[in-house]
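Structure at a glance
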Amino acid sequence: MESEGTSIPVSTELTVRLRPVAEPDLVIFQRLRTEPGLIGLDWAGFLDAGQPARRFAVDGYLGDDDGRLVVEVEQEQAAAGIVSYTSRRSAGRASYWEIGIVLLPPWRGRGIGWRAQALLCDYLFQHTPAQRIQAGTHPENVAEQRSLEKAGFQFEGVIRACEFRAGQWRDGYLYSRLRDDPPPAELPVR
(Lines give C-alpha, C1' and ligand atoms only; values in the text may rest on other atoms or scores of the structure.)
Protein backbone atom coordinates (compact mmCIF):
# COMPACT_ATOMS: atom_id res chain seq x y z
CA MET A 1 0.00 0.00 0.00
CA GLU A 2 1.29 3.48 -0.79
CA SER A 3 0.35 6.76 0.78
CA GLU A 4 -1.52 9.08 -1.54
CA GLY A 5 0.63 11.37 -3.65
CA THR A 6 3.96 9.68 -2.98
CA SER A 7 5.92 6.68 -4.15
CA ILE A 8 7.29 5.88 -0.69
CA PRO A 9 5.75 2.60 0.52
CA VAL A 10 3.77 2.70 3.76
CA SER A 11 5.30 0.29 6.26
CA THR A 12 4.97 -0.36 9.96
CA GLU A 13 8.52 -1.76 9.92
CA LEU A 14 10.28 1.55 9.40
CA THR A 15 13.43 2.00 11.44
CA VAL A 16 13.73 5.57 12.64
CA ARG A 17 16.92 7.02 14.04
CA LEU A 18 18.29 10.42 14.96
CA ARG A 19 21.65 11.61 13.75
CA PRO A 20 23.65 14.84 13.72
CA VAL A 21 23.07 17.30 10.90
CA ALA A 22 25.42 16.87 7.92
CA GLU A 23 26.17 19.52 5.31
CA PRO A 24 23.88 17.96 2.64
CA ASP A 25 20.96 18.29 5.12
CA LEU A 26 21.20 22.08 4.97
CA VAL A 27 18.98 21.99 1.88
CA ILE A 28 16.10 20.87 4.13
CA PHE A 29 16.73 23.76 6.53
CA GLN A 30 16.80 26.23 3.63
CA ARG A 31 13.56 24.84 2.19
CA LEU A 32 11.82 25.22 5.56
CA ARG A 33 12.76 28.91 5.56
CA THR A 34 11.74 29.69 1.98
CA GLU A 35 8.85 27.41 0.93
CA PRO A 36 5.48 28.60 2.22
CA GLY A 37 3.43 25.76 3.60
CA LEU A 38 6.24 23.19 3.80
CA ILE A 39 6.42 23.58 7.57
CA GLY A 40 2.65 23.51 7.95
CA LEU A 41 0.97 25.72 10.52
CA ASP A 42 4.31 27.06 11.79
CA TRP A 43 5.07 29.07 8.64
CA ALA A 44 6.07 32.53 9.87
CA GLY A 45 7.04 34.11 6.58
CA PHE A 46 10.23 34.06 4.55
CA LEU A 47 13.47 33.82 6.53
CA ASP A 48 17.17 34.14 5.66
CA ALA A 49 18.09 31.04 3.62
CA GLY A 50 21.79 31.56 4.43
CA GLN A 51 21.30 31.28 8.20
CA PRO A 52 21.38 27.45 8.34
CA ALA A 53 24.86 27.31 6.77
CA ARG A 54 26.15 29.97 9.17
CA ARG A 55 24.76 28.10 12.19
CA PHE A 56 26.11 24.77 10.92
CA ALA A 57 29.58 26.34 10.60
CA VAL A 58 29.47 27.43 14.26
CA ASP A 59 28.56 24.15 15.99
CA GLY A 60 26.94 21.72 13.55
CA TYR A 61 23.60 22.43 15.25
CA LEU A 62 24.84 20.76 18.47
CA GLY A 63 24.90 23.71 20.87
CA ASP A 64 24.82 23.50 24.65
CA ASP A 65 21.46 25.28 24.90
CA ASP A 66 19.81 24.23 21.66
CA GLY A 67 20.28 21.86 18.80
CA ARG A 68 18.84 20.02 15.83
CA LEU A 69 19.07 16.38 14.81
CA VAL A 70 17.99 14.79 11.55
CA VAL A 71 15.19 12.22 11.62
CA GLU A 72 16.34 9.45 9.31
CA VAL A 73 14.45 6.45 7.98
CA GLU A 74 17.18 3.83 7.80
CA GLN A 75 15.61 1.57 5.16
CA GLU A 76 15.49 4.47 2.72
CA GLN A 77 18.65 6.16 4.01
CA ALA A 78 16.55 9.29 3.77
CA ALA A 79 16.22 12.38 5.90
CA ALA A 80 12.54 12.55 6.81
CA GLY A 81 12.73 15.74 8.86
CA ILE A 82 14.29 17.47 11.83
CA VAL A 83 13.82 17.48 15.60
CA SER A 84 14.86 20.43 17.73
CA TYR A 85 15.58 20.98 21.40
CA THR A 86 15.98 24.24 23.28
CA SER A 87 16.89 24.79 26.92
CA ARG A 88 14.36 26.86 28.87
CA ARG A 89 14.16 27.96 32.48
CA SER A 90 10.93 28.59 34.34
CA ALA A 91 12.14 29.39 37.87
CA GLY A 92 15.21 28.77 39.97
CA ARG A 93 18.26 27.07 38.55
CA ALA A 94 16.69 24.03 36.96
CA SER A 95 16.22 24.09 33.22
CA TYR A 96 14.04 21.94 31.01
CA TRP A 97 13.95 21.15 27.30
CA GLU A 98 11.37 22.30 24.80
CA ILE A 99 11.30 20.11 21.72
CA GLY A 100 9.84 20.40 18.25
CA ILE A 101 9.63 18.39 15.06
CA VAL A 102 9.01 18.98 11.38
CA LEU A 103 8.65 16.13 8.92
CA LEU A 104 8.72 16.56 5.18
CA PRO A 105 5.29 15.89 3.61
CA PRO A 106 6.01 12.40 2.18
CA TRP A 107 6.92 11.13 5.66
CA ARG A 108 3.94 12.46 7.60
CA GLY A 109 1.26 10.13 8.94
CA ARG A 110 3.51 7.06 8.94
CA GLY A 111 4.41 6.72 12.64
CA ILE A 112 7.79 8.40 12.22
CA GLY A 113 7.02 11.53 14.27
CA TRP A 114 6.11 9.88 17.56
CA ARG A 115 9.12 7.55 17.29
CA ALA A 116 11.48 10.45 16.61
CA GLN A 117 10.09 12.46 19.55
CA ALA A 118 10.36 9.44 21.88
CA LEU A 119 13.96 8.88 20.75
CA LEU A 120 14.76 12.55 21.33
CA CYS A 121 13.36 12.34 24.86
CA ASP A 122 15.44 9.22 25.54
CA TYR A 123 18.53 11.00 24.21
CA LEU A 124 17.97 14.12 26.33
CA PHE A 125 17.17 12.15 29.50
CA GLN A 126 20.32 10.03 29.01
CA HIS A 127 22.71 12.89 28.31
CA THR A 128 21.37 15.80 30.37
CA PRO A 129 20.06 16.13 33.94
CA ALA A 130 16.74 17.67 32.86
CA GLN A 131 13.66 16.44 34.71
CA ARG A 132 11.15 17.87 32.21
CA ILE A 133 10.70 17.95 28.44
CA GLN A 134 7.83 19.91 26.97
CA ALA A 135 6.31 20.42 23.55
CA GLY A 136 3.65 22.73 22.24
CA THR A 137 1.29 22.28 19.35
CA HIS A 138 -1.70 23.87 17.69
CA PRO A 139 -5.26 22.95 18.75
CA GLU A 140 -6.01 22.05 15.13
CA ASN A 141 -2.96 19.74 14.80
CA VAL A 142 -4.67 16.57 16.01
CA ALA A 143 -2.02 14.34 14.40
CA GLU A 144 0.75 15.96 16.48
CA GLN A 145 -1.36 15.71 19.63
CA ARG A 146 -1.71 11.95 19.08
CA SER A 147 2.00 11.70 18.25
CA LEU A 148 3.01 13.41 21.49
CA GLU A 149 0.71 11.20 23.54
CA LYS A 150 2.07 8.07 21.86
CA ALA A 151 5.62 9.31 22.64
CA GLY A 152 4.74 9.43 26.35
CA PHE A 153 3.73 13.07 26.75
CA GLN A 154 0.78 14.21 28.84
CA PHE A 155 -1.53 17.08 27.99
CA GLU A 156 -1.10 19.94 30.47
CA GLY A 157 -3.48 22.54 29.11
CA VAL A 158 -4.23 25.45 26.85
CA ILE A 159 -1.84 28.39 26.61
CA ARG A 160 -4.01 31.30 25.59
CA ALA A 161 -2.90 33.70 22.86
CA CYS A 162 0.68 32.37 22.87
CA GLU A 163 1.37 32.60 19.16
CA PHE A 164 0.91 35.21 16.47
CA ARG A 165 0.14 33.33 13.25
CA ALA A 166 -1.69 34.20 10.02
CA GLY A 167 -2.55 37.68 11.23
CA GLN A 168 -3.96 36.89 14.67
CA TRP A 169 -3.10 35.67 18.15
CA ARG A 170 -3.85 31.99 18.65
CA ASP A 171 -3.98 29.51 21.51
CA GLY A 172 -1.62 26.57 21.86
CA TYR A 173 -1.63 23.22 23.63
CA LEU A 174 1.15 22.29 26.05
CA TYR A 175 2.38 18.73 26.62
CA SER A 176 5.13 17.42 28.88
CA ARG A 177 7.06 14.29 29.71
CA LEU A 178 8.97 13.91 32.96
CA ARG A 179 12.05 11.78 33.51
CA ASP A 180 10.15 9.41 35.79
CA ASP A 181 7.00 9.13 33.65
CA PRO A 182 6.41 5.69 32.21
CA PRO A 183 8.02 5.15 28.79
CA PRO A 184 5.83 5.03 25.68
CA ALA A 185 3.68 1.91 25.40
CA GLU A 186 5.42 0.97 22.18
CA LEU A 187 9.14 1.53 22.34
CA PRO A 188 10.55 3.10 19.20
CA VAL A 189 12.90 1.07 17.06
CA ARG A 190 16.44 2.41 17.47
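Only a predicted model underlies this, so the values are computations on that prediction, with no experimental measurement involved.

Comments concerning the pattern of salt bridges
What the rule picks out here adds up to 14 salt bridges. When the shortest N-O distance is used, the salt bridge between Arg17 and Glu72 registers 2.7 Å. Here Arg17, found in strand β1 (residues 16-20), pairs with Glu72, found in strand β2 (residues 66-73); they are 55 residues apart in sequence, far enough to count as distant. Under the relative-accessibility criterion, Arg17 is labelled partly exposed at 29%. Accessibility expressed as a relative area gives 11% for Glu72, which makes it buried. The closest approach of N and O atoms between Arg31 and Glu35, which form a salt bridge, is 2.8 Å. Take Glu35: its relative accessible area is 31%, and that puts it in the partly exposed class. Here the salt bridges share partners, and the residues they tie into one network are Arg17, Arg19, Asp25, Glu72 and Glu74.

Here's the deal with the packing of helix α3 (residues 112-127) against helix α4 (residues 142-150)
The geometry of α3 relative to α4 is characterised by a closest axis approach of 8 Å and an angle of 45° between their N-to-C directions. Judged by the angle between their axes, α3 and α4 are oblique. Remark: the crossing between α3 and α4 carries right-handed chirality. Contact residues: Gly113, Trp114 and Gln117 in α3; Glu144, Ser147, Leu148 and Lys150 in α4. Here the residues of the contact of α3 with α4 are counted per class, giving 2 nonpolar, 3 polar and 2 charged.

Focus: the pairing of strand β3 (residues 78-89)
Remark: a regular strand shows side chains that alternate across the two faces of the sheet. With 9 of its 12 residues buried, β3 lies for the most part within the structure. Bridge analysis of β2 against β3 gives 8 bridges, and the strand direction is antiparallel. For Gly67, the partnering residue across the bridge sits in β3 and is Tyr85. From the end of β2 to the start of β3, which pair antiparallel, there are 4 residues, and Gln77 there has a positive phi angle of about 45°. Pairing analysis gives 9 bridges linking β3 to strand β4 (residues 95-103), with the strands arranged antiparallel. Looking at the pairing, Val83 lines up with Ile101 of β4.

Things to note about the packing of aromatic side chains
Each aromatic ring pair is specified by the distance between its two centres and by the angle formed by the two planes. Summed over all chains, the structure comprises 6 aromatic pairs. Ring geometry for Trp43 against Phe46: centres 5.3 Å apart, planes inclined by 90°, an arrangement best described as edge-to-face. By relative accessible area, which is 22% here, Trp43 ends up partly exposed. Overall, Phe46 belongs to the exposed group, its relative accessible area being 62%. Aromatic side chains Tyr85 and Trp97 sit 5.4 Å apart centroid to centroid with 80° between the ring planes, which places their arrangement in the edge-to-face category. Residue Tyr85 is found in strand β3, and its partner Trp97 is found in strand β4; the two are separated by 12 residues along the sequence. Exposure remark for Trp97: the relative accessible area of 7% places this residue in the buried category.

Here's the deal with the side chain of Arg55
Secondary-structure assignment places Arg55 in helix α2 (residues 51-59). Given the relative accessible area of 16%, Arg55 is considered buried. At 2.8 Å, the side chain of Arg55 forms a polar contact with the side chain of Asp59. Apart from residues lying up to four places away in sequence, Arg55 is in contact with Gly60, Tyr61, Leu62, Gly63, Asp66 and Gly67.

Quick notes on the rules
Sequence order as written defines the numbering, with residues in each chain counted from 1. With pLDDT at 70 or above as the cut-off, local features in this predicted model cover only qualifying residues; side-chain atom pairs require 80 or more to be listed or tallied, and sums for whole chains, interfaces and linings still use all residues. Note that water and hydrogens are dropped before the side-chain values are worked out from all heavy atoms of the structure. Definition used for salt bridges: Asp or Glu carboxyl oxygen within 4 Å of a side-chain nitrogen of Lys or Arg. Each helix corresponds to a stretch of at least 4 residues labelled H or I by DSSP, and each strand to a stretch of at least 2 residues labelled E; elements are numbered beginning at the N terminus. Exposure classes here rest on a 1.4 Å probe applied to the protein chains alone. A residue is buried below 20% of its type maximum, exposed above 50%, and partly exposed in between. The axes used here are C-alpha line fits, helices contributing only the stretch in contact, and every angle between their N-to-C directions lies in the interval 0 to 180 degrees. The cut-offs work like this: below 35 degrees is roughly parallel, past 145 is roughly antiparallel, 65 to 115 is roughly perpendicular, and the gaps in between are oblique. Should the near helix be turned counterclockwise from the far one by less than a right angle, the crossing is left-handed, whereas a clockwise turn marks it as right-handed. We call two residues in contact whenever any of their non-hydrogen atoms come within 4.5 Å of each other. Amino acid classes used here: Ala, Val, Leu, Ile, Met, Phe, Trp, Tyr, Cys and Pro are nonpolar; Asp, Glu, Lys and Arg are charged; the rest, including Gly, are polar. For two strands to count as paired, DSSP must find a minimum of two bridges between them. Each Phe, Tyr or Trp ring, with Trp reduced to its six-membered ring, pairs with another whose centre is within 6.5 Å; inter-plane angles below 30 degrees give stacked pairs, above 60 give edge-to-face pairs, and intermediate values give tilted ones. Under the rule applied, a polar contact is a pair of N or O atoms within 3.5 Å (in protein, one hydrogen donor and one hydrogen acceptor; residues adjacent in sequence only if both atoms are side-chain atoms).

Purely spatial values, then, with no claim about function.
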